[in-house]
Amino acid sequence: MKEPSYRQTLGHAWQVVWENKILWILGLLSVFLGQIGFSDTFGRIWSMFDTTLTGQGFSLRPLLIFELTGSFWNIFGLAWLMVICISVFALLIFLAVASQGSLITYVAEWFKTGKHQILAKSWRNSVKHFWSVLLVNIVRQALMFLLLVAFAYTANYFFNSGNLAQGFLFALGAVLLLFFSLVFSALCVYTLCYVLLDGKGVVKSVKKAWMLFSEHLLVSLEIGVLLMLLNFLLILAIVIGSFFAFLPAALIWIVGGITNLAVLGAVGLVIGIFLLLLFIVFSAGFFNAFTISAWVFLFMRMHKEGLSSRSIHFFKYLFSR
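Residues numbered from 1 in each chain as written. Predicted model: local features only at pLDDT ≥ 70, side-chain atom pairs only at ≥ 80, totals over all residues. Heavy atoms only, no water.

(A) Up close: the overall build of the protein chain. Check the secondary structure of the protein chain and you find 12 helices and 0 strands. Taken from N to C terminus, the helices and strands of the protein chain fall in the order α-α-α-α-α-α-α-α-α-α-α-α. A burial count over the protein chain gives 39% of its 321 residues as buried. Long-range pairs, those at least 24 residues apart, make up 80% of the contacts in the protein chain with a sequence separation of at least 6. (Helix = DSSP H or I, 4+ residues; strand = E, 2+ residues; numbered from the N terminus. Buried < 20%, exposed > 50% of the residue type's maximum accessible area, 1.4 Å probe, protein only. Contact = heavy atoms within 4.5 Å.)

This is the structure we're talking about:
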């Protein structure tokens, strides 16, 4: 059988997501668990740099200040609000975990049969393995947090000294952060696939995921870098989409200028922001579903047939000429 190229991988991922719009919603809900790959890491690093640029220091500590002063009813109201927030947070986590598992299961079945699946079946399989999927994501987030803490200390050391040796240390820390973040992401998605598709326990799934990853190290790194580059296309699409999102608002502003009605300016702004947020939401859901689909397709090919690195093919071709 002809070995699939990365173009075919992305093509299959695009097809399954485009022809199954329900996956956009699953992708959007699973975003709460963080995107698999470099993108989530870049977002966290940017948040850390943004905090630094605003003069608050390079830190991961949230700035939360609570003042528990006032009457009994004020404290009771605050406690009730916390209960509501915790309940909403628990619901979001449940939906995110169940959606991620359903997405992986649905996509895998699509690649096997090429037919539309019943979402309820994928949802039941995801709920069945809910705690395993949640545990894998918690471990991944914990490892990513430890990496970011180490990187934050390295970055602080660099910014406080600023010499060449510390600059090299900072660059090395950034490279290691990106490398290990991709390793954890690949192991995470392979483990989830073993848990959801093969019904393995978490420990066995981690062992089999490590074996699969070690056998296809370069392939995993290459697809991670490729999907990272596609994030720039996503950013470009959002920039272009923002222009079209504000076209109705521009028309309303023109009418407001002609009729001299100031209220139309506010109406146009609200409509423009709403359309932009709606476009960003659907784009995020689509791209997250697309990313997970690409990883699942590669997992299935690696798991069943094996897949060799495109880089190795390139260098073999280069030196054989």
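(B) Structural detail: the packing of aromatic side chains. Counted according to the given criterion, the structure contains 18 aromatic pairs. An aromatic cluster is defined as three or more aromatic residues linked by ring pairs; in this entry it consists of Trp-14, Trp-18, Trp-24, Phe-282 and Phe-286. A cation over a ring is seen here: Lys-21 above Trp-18, with NZ or CZ 4.7 Å from the ring centre. (Phe/Tyr/Trp six-rings, centres within 6.5 Å; stacked < 30°, edge-to-face > 60°. Lys NZ or Arg CZ within 6 Å of the ring centre and 35° of its normal.)

(C) Highlighting helix 10 (residues 247-259). A rise of 1.5 Å per residue sets the reference length of helix 10, with its 13 residues, at 18 Å; its end C-alpha atoms lie 18 Å apart and thus fit the reference within 8%. Within helix 10, burial applies to Ala-249, Ile-252 and Gly-256. Here the buried residues of helix 10 occupy an arc of 60° about the axis, which is enough to place them on one side. Seen from the buried face of helix 10, the exposed residues on the opposite side, beyond 90 degrees, are Leu-251, Ile-254, Gly-257 and Ile-258. Positive phi appears at Asn-260, one or two residues downstream of helix 10, with a value of about 60°. (Expected span 1.5 Å × (residues − 1). Arc of directions from axis to C-beta.)

(D) Highlighting a nonpolar patch on the surface. A cluster of nonpolar side chains, namely Phe-32, Phe-76, Trp-80, Val-83, Ile-84, Val-88 and Leu-92, defines an oily patch on the protein surface of about 670 Å² accessible area. Mapping Val-83 onto the fold places it in helix 4 (residues 72-113). For Val-83, a relative accessible area of 43% translates into the label partly exposed. (Patch = residues over 30% accessible without salt bridge, like charges linked within 9 Å, V, L, I, M, F, W, Y side chains within 5 Å. Areas by Shrake-Rupley, 256 points an atom, 1.4 Å probe, with all protein chains shown as cover. Salt bridge = Lys/Arg side-chain N within 4 Å of Asp/Glu carboxyl O.)

(E) Region of interest: the layout of surface pockets. Approximately 320 Å³ is the volume found for the second largest pocket. Secondary structure elements with two or more residues in the lining of the second largest pocket: helix 1 (6-19), helix 9 (217-245) and helix 11 (263-304). Per-element accounting of the lining of the second largest pocket gives the leading share, 6 residues, to helix 11. Here the lining of the second largest pocket is built from residues that sort into 12 nonpolar, 1 polar and no charged. (1 Å grid on protein atoms, 1.4 Å probe; cavity = no way out; pocket = protein on both sides within 12 Å on 5 of 7 lines; lining within 4 Å. Points joined across faces, edges and corners; volume = space filled by probe spheres on them. Nonpolar A, V, L, I, M, F, W, Y, C, P; charged D, E, K, R; others polar.)

(F) How the structure looks around the nonpolar core. In terms of nonpolar packing, the biggest core is built from 62 residues, with Leu-23, Phe-111, Tyr-190, Leu-227, Phe-290, Trp-295 and Val-296 touching the most fellow members. Only helix 1, helix 2 (22-30), helix 4, helix 6 (130-161), helix 7 (164-197), helix 8 (202-215), helix 9 and helix 11 provide two or more residues apiece to this core. With residues near it in sequence (within four places) discarded, Tyr-190 still touches Ala-209, Leu-212, Phe-213, Ser-220, Trp-295, Phe-299 and Met-302. (Core = buried A, V, L, I, M, F, W, Y, C linked by side-chain atoms within 4.5 Å.)

(G) Here's a closer look at helix 8. Helix length check: helix 8 (14 residues) gives 20 Å between terminal C-alpha atoms against 20 Å at 1.5 Å per residue, within 8%. All of the buried residues in helix 8 are Val-202, Ser-205, Ala-209, Leu-212 and Phe-213. Around the axis of helix 8, the buried residues are gathered within 95° of arc, so they sit on the same side. Set apart from the buried face of helix 8 by more than 90 degrees, the exposed residues are Val-203, Lys-204, Lys-207 and Glu-215.

(H) Just the confidence of the model for the protein chain, in detail. Overall, the predicted model of the protein chain reaches an average pLDDT of 77, with 76% of residues at or above 70. Per-residue pLDDT, averaged within each element of the protein chain, yields its smallest value for helix 12 (residues 310-320) (41) and its largest for helix 5 (residues 119-128) (89). The low-confidence segment residues 306-321, where pLDDT is below 50, has 22 contacts with residues more than four positions distant or belonging to other chains. (pLDDT = per-residue confidence, 0-100.)

(I) Up close: the side chain of Asn-125. Among the structural elements, Asn-125 can be located in helix 5. Judged by its relative accessible area of 18%, Asn-125 falls in the buried class. Discounting residues that sit within four places of it in the chain, Asn-125 has contacts with Thr-105 and Leu-196.

(J) Spatial organisation of the state of the cysteines. Applying the stated criterion to the full structure yields 0 disulfides. Of all cysteine sulfurs in the structure, the one in Cys-188 sits closest to Cys-193, which takes part in no disulfide; the separation is 9.4 Å. You can call Cys-193 buried: its relative accessible area is 0%. (Disulfide = S-S within 2.5 Å.)

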